[in-house]
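Close look at the chain arrangement
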Amino acid sequence: MSSAVENTIFEDPTLNVIHLLNSIAQENPQALSLASGRPDDEHCDPALIDLGLARYRQHIANTGHSLETLLCQYGKTSGIINEIIATHLQMDEEVHVCNPESVVVCMGFQEACTLALLSIFEGSGVLLVPDPVFCGITGIAKLLGIKTVPVPMADFLDPVALRKIIEALESKGEKTRAVYAIPDFSNPTADSLSYHDRKTMLSLAHEKNFFILEDTAYRYFRYEGEDIASMKAIDSSRVFLLGSFAKSIFPGLRMGYVVAPEGTGVMPFGPRLCKAKSLITVNTPALCQAVVAGLLLENHYSLKGLNQPRALSYAKKRNHMLECLERAFPLGADARRAVNWNQPAGGFFINVQLPFVFGYCEMRECAEQFKVIVFPTTLFSLTNEAAGQVRLSFSNATTSQITQAIDSFRRYVEFRLQ
Ligand SMILES: Cc1ncc(COP(=O)(O)O)c(C=O)c1O
């Protein structure tokens, strides 16, 4: 019998990126890492678990429910804290949830997007994603057998170009059923959609009858400028809101949610989401739900207070990384730089453009020889987009680590340009 590796979807590189992000630092313990978009370890405070749980117990004591049943038994598929999440969305986002059963509490964004995709796609249809894009969506779409069409980021941010792509697919008989978007500070490139572009994309969704999967993972991490309304707040009827508490509380809880589209004449997706969930994880661990609910109650249903000190600390790190980049790659005599980068108003990442290709092998070379791990943006691409780009994450490094890491990265770039 042949021992050759079979050519299955499990060999697809898209499915390896999350693992790679989590393992590359362990494989190179001697190197500083700017690879993973983890929240700062300092914000992952176990005391929040006790605080949240105690506050939730107090809350339940006033309701007549049995804590034993709520916390220790199999639970309601859609969750036990839906109303608390709905109130939080009203408070922080002005998103009005009409039916709390439109909220399904999930094990992180990852389960939320799995359920949304399962409830939208049955056999046919196309998912549009910006390219490059967070591998959590493209990986699960691949596993579910959903045809995914990458749209170069510049076209994705341009409503006219996006319409043309959708119409070109239509002319080949391919129906766009959903568009995935991270409107605030995307991963990996930290791009955002303007209010105008959010509205235009929503009008297109009505016209062409597709849904928007809105991922709000980085929404609470804006460092300058005014908040822009979420797409869900602008028009709930076309949007599956995919929320995560990974960055805004901590990822170990594995807590997130999906809010189905709502509005007059809109098909209720809640029952579909629950049916899929009942067969995947049965229900989200009640203990984790209790911690999140308790923390929301403790903070008057708002994540803004909890995240303000975090955002301040991330803003300092972003500023520091920008200063280090300025020093490392100064303007040349022709007032140009060999290396360029964006200046995002929020999120966890800065995206750097190098004058040479930077992929998997270059990442290893840089880690092994220059002791710094930076992640090739192209590994988030389904095409050859972003071949010379690097995603730098400042979220889980101290300022002195950032100084040292950017200096090592500079030495790597100089070595490559010799
Ligand atoms: C774009 C994006 N969405 C969502 C998440 C969070 O996912 P989860 O809640 O499954 O940890 C991340 C984490 O890296 C992310 O980058």
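Quick summary incoming for the structure in this document.

How each quantity is defined
- Residue numbering note: each chain is counted from 1, following its sequence as written.
- Local features in this predicted model are restricted to residues whose pLDDT is 70 or higher, and side-chain atom pairs enter the listing and the counts only when it is 80 or higher, whereas totals over whole chains, interfaces and linings include all residues.
- The basis for every side-chain value is the complete set of heavy atoms in the structure, and neither hydrogens nor water enter the calculation.
- When DSSP locates at least two bridges between a pair of strands, those strands are taken to pair.
- Numbering of helices and strands starts at the N terminus; helices are DSSP runs of H or I of at least 4 residues and strands are runs of E of at least 2.
- Axes here refer to lines fitted to C-alpha atoms; in helices the fit is confined to the stretch in contact. Angles between the N-to-C directions go from 0 to 180 degrees.
- Working rule for contacts: check all heavy atoms of both residues, and any pair within 4.5 Å makes them a contact.
- In this analysis, rings of Phe, Tyr and Trp, with Trp reduced to its six-membered ring, are considered paired at centre separations within 6.5 Å, and the interplanar angle assigns stacked below 30 degrees, edge-to-face beyond 60, and tilted for intermediate values.
- Only when the NZ atom of a Lys or the CZ atom of an Arg is both within 6 Å of the ring centre and within 35 degrees of the ring normal do we say a charge sits over the ring.
- Residues are counted as near a molecule or strand when any one of their heavy atoms sits within 4 Å of it.
- We call two N or O atoms a polar contact when they sit within 3.5 Å, provided that within protein one can donate a hydrogen and the other can accept it, with sequence-adjacent residues counted only if both atoms are side-chain atoms.
- Here the accessible surface of atoms and residues is derived via Shrake-Rupley with a 1.4 Å probe, and residues count as covered only by protein chains that are part of the display.
- Gly falls in the polar group here, along with every residue not listed as nonpolar (Ala, Val, Leu, Ile, Met, Phe, Trp, Tyr, Cys, Pro) or charged (Asp, Glu, Lys, Arg).
- Among buried residues, the Ala, Val, Leu, Ile, Met, Phe, Trp, Tyr and Cys ones that are joined through side-chain atoms within 4.5 Å form a nonpolar core.
- The buried label goes to any residue with under 20% of its type's maximum accessible area, the exposed label to any with over 50%, and the partly exposed label to all in between, with areas taken from a 1.4 Å probe on protein chains only.
- Segment limits for the domains were obtained from an automatic or database-derived domain assignment.
- We call two directions roughly parallel when the angle between them is under 35 degrees, roughly antiparallel when it is over 145, roughly perpendicular when it lies between 65 and 115, and oblique otherwise.
- Handedness of a crossing follows from how the near helix is turned relative to the far one, being left-handed for an anticlockwise turn of less than a right angle and right-handed for a clockwise one.
- In a helix, the anticipated span is given by 1.5 Å times the number of residues less one.
- A clockwise course of the path from the first strand over the helix to the second, judged with the strands pointing away from the viewer, identifies a crossover as right-handed.

1. Side note on the sheet that holds strand 7 (residues 239–244)
The 7 strands lie next to each other as 2-8-7-6-5-3-4, forming an open sheet whose pairing is mixed. In this open sheet, the two edge strands, each paired with only one partner strand, are strand 2 (103–106) and strand 4 (147–152). Direction aside, the axes of adjacent strands within the sheet are offset by 20° on average. Of the strand pairs in this sheet, strand 7 and strand 8 (residues 256–259) are connected by 4 bridges, and their pairing is antiparallel. Bridged to L241 within strand 8 is V259. Those strands touched by helix 5 (residues 108–120) are strand 2, strand 3 (126–131), strand 5 (176–181), strand 6 (211–215), strand 7 and strand 8, and its axis lies near 160° from that of strand 7.

2. Considerations on the packing of aromatic side chains
Scanning the entire structure with this criterion turns up 20 aromatic pairs. Through a chain of ring-to-ring contacts, three or more aromatic side chains come together here, namely Y218, F221, Y314, F348 and F349. Its guanidinium or amino end placed over the ring of F211, R238 lies 4.7 Å from that ring's centre, counting from NZ or CZ. Across from the ring centre of F356, 4.2 Å away, lies the NZ or CZ of R416, which sits over that ring.

3. Some details on the site of the ligand
Around the ligand sit 14 residues in total, of which F109, N187, D215, Y218 and S244 are the nearest. A distance of 2.7 Å separates an oxygen atom of the ligand from a polar atom in the side chain of S244. R254 places a side-chain nitrogen or oxygen 2.8 Å from an oxygen atom of the ligand. A total of 400 Å² of accessible area belongs to the ligand in isolation, and the protein chains cover 90% of it. Ranked by the residues each element gives to the shell around the ligand, the list is headed by helix 5, at 3 residues. Partitioned by chemical class, the residues of the shell around the ligand number 7 nonpolar, 4 polar and 3 charged.

4. Focus on the nonpolar core
Counting residues in hydrophobic clusters, the biggest one holds 118 residues, and the most contacted among them are L127, Y180, L213, F240 and F409. Both of domain 1 (9–44 + 307–417) and domain 2 (47–304) provide at least three residues apiece to this core. Of all hydrophobic cores here, the second largest spans 20 residues; its members include V126, L169, L204 and V239.

5. Digging into the packing of helix 1 (residues 17–27) against helix 14 (residues 360–370)
The angle between the axes and the distance between the axes are what describe a pair of packed helices. Contact geometry of helix 1 with helix 14 gives a least axis separation of 11 Å together with a crossing angle of 30°. The orientation of helix 1 relative to helix 14 falls into the category roughly parallel. For the pair helix 1 and helix 14, the sense of crossing is right-handed. Between helix 1 and helix 14, the residues in contact are L20, I24 and E27 and Y360, M363 and R364, respectively. A breakdown of the residues in the contact of helix 1 with helix 14 according to their chemical character gives 4 nonpolar, no polar and 2 charged.

6. A closer look at helix 5
In an α-helix, one turn spans 3.6 residues; hence positions three or four apart end up facing the same way. Spanning 13 residues, helix 5 covers 19 Å between terminal C-alpha atoms, matching the ideal 18 Å at 1.5 Å per step. Along helix 5, 11 of the 13 residues are buried, which leaves the element largely enclosed by surrounding structure. Inspection of helix 5 places G108, F109, E111, A112, C113, T114, L115, A116, L117, S119 and I120 among the buried residues, and these make up the whole buried set.

7. Concerning the pairing of strand 3
Burial of strand 3 is extensive: 6 of the 6 residues sit out of reach of the surface. Of the two faces of strand 3, the one carrying V126, L128 and P130 and the one carrying L127, V129 and D131 are both buried. As paired strands, strand 3 and strand 4 are joined by 6 bridges and run parallel to one another. Residue pairing for strand 4: V126 is matched across the bridge by K147. Regarding the hand of the β-α-β motif, the stretch spanning strand 3, helix 6 (residues 135–143) and strand 4 is right-handed. Note: strand 3 against strand 5, 3 bridges, orientation parallel. Looking at strand 5, one finds that V126 is bridged to T176.

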